[in-house]
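Descriptive analysis of the structure
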Amino acid sequence: MDQAAGCPAVGGSYPQKNAEILSSQYGINLFLAGLLLTFAWAVHAVGISKSHLLSYLITLMLIQLLWMLWYLCRSCTQRRLIRDKDTHAGARWLKCGITLFAVITLILDSFKIGYYIDFSNCLSPTEGIFPVTHAVHTILQVYFLWCHAKDVIQSFKTLERFGVIHSVFTNLLLWTNGVLTESKHQLNEHKERLITLGFGNITVVLDDHAPQCNCTTTTLCSIFSQGIYYLYPFNIEYHILASTMLYVLWKNIGRKVEHHQQNKTPFKFHGITVGMIFGLIVLTSTIAIVVVYLIQIGGSKIKSELALTMFYLHAIFVLALMCTAGIVALLIYRLEDRSLDNSKNPARKLDAELLVGTAAGSWLLSWGSILAIICAQGHPKYTWYNLPYSVLVIIEKYIQNLFIIESIHREQEKVNDDIKTLRIVTVSRGSTLSLTPLYKEIYNGRAARDSGDIPCLFKGSICGRENDGAGVAKEETSQDNSLVMHSASDFSFYSRNSVTNNKRRILKNIAAFLFLCNLSLWIPPAFGCRPEYDNGLEEIVFGFEPWIIVVNLAMPFSIFYRMHSAASLFEVNCKT
């Protein structure tokens, strides 16, 4: 009978599993079609223009807008119902980060609208419709993620799976479009820099799809065209963050959530001064290096070589510091005996997978550089600095990934509520009140309970009421003996507590330092400081076009890795 009764429950899971498989296949095909269309436009395929690509993206955004509006309206009508929430998904700091990137993306859209107005005589109308649709899509999507990123959807599950996965791959296609547009701009500058370094034998015709007409207002056109490419890194990060948050929402559909209270762990500057100071020094120096690099590179051969040498030396120093900090943190973890949290958590699992997956982009570039240095016949002086730089990039990501993944899987220390809230009141014969921290009494009270003697506080009475005459005198004599026991046990408690606090403070400073270092290392490739393009050695060994393809495929993952690591380290700092 029990087995028969269980059959419907088991069979009921099949439709939902099929819906998950069907929706994922729908999303993958949606993405592949858009990816092929993007590639066809990039290589000037016959019959494919930019307007076709933009029309496809506009259609996807409009479908997502309709789904989000339907979901928001349905949520408003059912707002009195108690909904399951995934407390690990959609952290507030993550929402604030995506909001910041969204605001800059809206500025980018306004620049694109201005650019279209200035070149409206020779641009397709879709190039004007796209930024307007994208701006509306950005505003509504950020609002949707703020309100519903934590939702665990339990109704209309099949329909919602298709809606959410459609949103995931729409954002991935918008990310791909941004990466391609920004990469084409970088390639034009890259060829000019190689010529100044003496690699004149590399000849490749590059095309940036520039409009075939004159601008109505030259000054504004220059501002819009240059400003767009400085804002693209933020647009790229916005779409990849949105797609990851939506993916977690998709994985949570139909999930059974364990109802337990999640302890809030706000970020605090207290106790991380050292890590913040060193991190800010690295951040400031990195910004200065990037500014000098972009000014010097391409100016002349000597200036370009000095710029590359300066970049490599600075990066080697920063990566060595990061490796050292990561090793210290891992050694502290080895000295601690704390269990890992292996409960089901889609957000945490995705974080770990993204760290390892996106690190592969940097590893690919680093191994390519190492191989080029080994195989090249001629070695300009600055290229030798690329060898320790590439090796340290590989090692640093190994160490940092291990530190972050172990940190997000470690269980938080549970503090006894009694220790945090209660105080013991001891009444002496002279009617004076003595307030002592409860951890003293509880710590020693546990031993008393084990021996069968329960302290007066746990009996629910005040000691002074139970003792009179000889009893009071006996209590006073026993207090002298108990003071010795208190002091010995308190010393042991304080020593253990002091060691724990010192370890915790070191880990918080390391997390803060690595957080700022990852932000620092995100800046150079995001804003055009890319020695993988500029040193020229890899192009000679592998060929210009093959190496450029490798860089264009791997660099977006390398850039995203740094931002994702910074976000994960921020969470580690809050939890430690």
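Along each chain, the written sequence defines residue order, and numbers are assigned to residues from 1. Only residues with pLDDT of at least 70 get local features here, since the model is predicted, and only at 80 or more are side-chain atom pairs given and counted; chain-wide, interface and lining totals rely on the full set of residues. The basis for every side-chain value is the complete set of heavy atoms in the structure, and neither hydrogens nor water enter the calculation.

1. With respect to a nonpolar patch on the surface
Exposure above 30% relative accessible area and the absence of a salt bridge qualify a residue for a patch, where like charges join within 9 Å and nonpolar side chains (Val, Leu, Ile, Met, Phe, Trp, Tyr) within 5 Å. To be clear on the numbers: accessible area is Shrake-Rupley with a 1.4 Å probe, and residue cover counts the displayed protein chains and nothing else. A pair is scored as a salt bridge if a Lys or Arg side-chain nitrogen falls within 4 Å of a carboxyl oxygen belonging to Asp or Glu. Residues V274, I277, F278 and I281 make up a contiguous nonpolar surface patch of about 400 Å² in total accessible area. Starting at the N terminus, helices and strands are each numbered in turn, a helix being any DSSP run of H or I of at least four residues and a strand any DSSP run of E of at least two. Assignment of secondary structure puts F278 in helix α7 (residues 273-296). Partly exposed describes any residue whose relative accessible area lies between the buried limit of under 20% and the exposed limit of over 50%, with all areas from a 1.4 Å probe on protein chains only and scaled to the type maximum. Overall, the relative accessible area of 49% leaves F278 in the partly exposed class.

2. Overview of empty space enclosed by the protein
Only protein atoms enter the calculation, which uses a 1 Å grid: trapped sets of points that fit a 1.4 Å probe without letting it out are cavities, open sets showing protein on both sides within 12 Å along at least five of seven lines are pockets, and any residue with an atom within 4 Å of a point is a lining residue. Grid points are joined across faces, edges and corners, and a volume is the space filled by probe spheres set on the points. Counted according to the given criterion, the structure contains three cavities of 30 Å³ or more. The space that makes up the largest cavity amounts to roughly 360 Å³. As for the largest cavity, its lining consists of 29 residues, and the residues nearest its centre are F311, Y389, V393, E532 and S558. Those elements that place two or more of their residues in the lining of the largest cavity are α7, α8 (301-335), α9 (346-375), α10 (386-409), α15 (470-526), α16 (531-534) and α18 (544-575). Side-chain classes are defined by residue name, with Ala, Val, Leu, Ile, Met, Phe, Trp, Tyr, Cys and Pro counting as nonpolar, Asp, Glu, Lys and Arg as charged, and the others, Gly among them, as polar. Class assignment of the residues belonging to the lining of the largest cavity gives a composition of 15 nonpolar, nine polar and five charged. Of the volumes computed, that of the second largest cavity is approximately 120 Å³. Lining the second largest cavity are 14 residues, with E182, I236, R530, P556 and I559 sitting closest to its centre. Looking at the lining of the second largest cavity, the elements with two or more residues in it are α5 (157-196), α6 (218-251) and α18. It is α18 that provides the largest number of residues to the lining of the second largest cavity, a total of five residues. For the lining of the second largest cavity, a count of residues per class yields nine nonpolar, two polar and three charged.

3. Regarding the packing of aromatic side chains
Aromatic pairs are defined between Phe, Tyr and Trp rings, using the six-membered ring for Trp, whenever the two ring centres lie within 6.5 Å; interplanar angles under 30 degrees are classed as stacked, those over 60 as edge-to-face, and all others as tilted. Counted by the stated rule, this structure contains 20 aromatic pairs. Ring geometry for Y26 versus F162: centroids 5.7 Å apart, planes at 55 degrees, classification tilted. Of the two residues, Y26 is situated in helix α1 (residues 2-42) and F162 in helix α5; the sequence distance between them amounts to 136 residues. With relative accessibility at 29%, the residue F162 sits in the partly exposed group. Relative to F311, the ring of Y293 lies with its centre 5.9 Å away and its plane at 55 degrees, an arrangement referred to as tilted. In this pair, Y293 sits in helix α7 while F311 sits in helix α8, placing the two residues 18 residues apart along the sequence. When its relative accessible area of 0% is taken as the criterion, Y293 is described as buried.

4. Overview of the side chain of S558
Within the element layout of this structure, S558 appears in helix α18. Not counting residues up to four positions away in its chain, the partners in contact with S558 are T358 and S362. By definition, residues are in contact when any of their heavy atoms lie within 4.5 Å.

5. Here's the deal with the nonpolar core
Judged by nonpolar contacts, the single largest core of 123 residues is most densely connected at F144, F311, M322, Y389, F403 and L514. When residues no more than four places from it in sequence are discounted, the contact partners of Y389 are F311, Y312, A315, I316, L319 and E532. Among buried residues, those of type Ala, Val, Leu, Ile, Met, Phe, Trp, Tyr and Cys that are joined through side-chain atoms within 4.5 Å constitute a nonpolar core.

6. Quick word on the confidence of the model for the chain
Every residue gets a pLDDT, meaning the predictor's confidence in that residue, from 0 to 100. In the predicted model, the chain carries a mean pLDDT of 77, and the fraction of residues at 70 or more is 72%. Mean pLDDT values for the elements of the chain range from 39 in strand β1 (residues 423-427) up to 93 in helix α4 (residues 126-148). Across residues 1-11, where pLDDT falls below 50, the model places zero contacts with residues more than four positions away in sequence or in other chains. In the model, residues 415-470 has pLDDT below 50 throughout and makes 58 contacts with residues more than four positions away in sequence or in other chains.

7. Observations regarding the packing of helix α3 (residues 92-118) against α4
Running from N to C, α3 and α4 point in directions that differ by 165 degrees, and their axes come no closer than 9 Å. By the criterion of interaxial angle, the relationship of α3 to α4 is roughly antiparallel. Pair α3 / α4 crosses with left-handed handedness. Every residue of α4 that contacts α3 at R92, K95, C96, I98, T99, A102, T105, L106, D109, K112, I113 and Y116 is listed here: E127, G128, F130, P131, V132, H134, A135, T138, I139, V142, L145 and W146. For the contact of α3 with α4, the class distribution of residues is 14 nonpolar, five polar and five charged. Angles run from 0 to 180 degrees between N-to-C directions of axes, and those axes are lines fitted to C-alpha atoms, restricted for helices to the stretch in contact. Oblique is the label for every angle not falling under 35 degrees (roughly parallel), over 145 degrees (roughly antiparallel), or within 65 to 115 degrees (roughly perpendicular). Crossings are sorted by hand: turned counterclockwise from the far helix by less than a right angle, the near helix makes the crossing left-handed, and turned clockwise it makes it right-handed.

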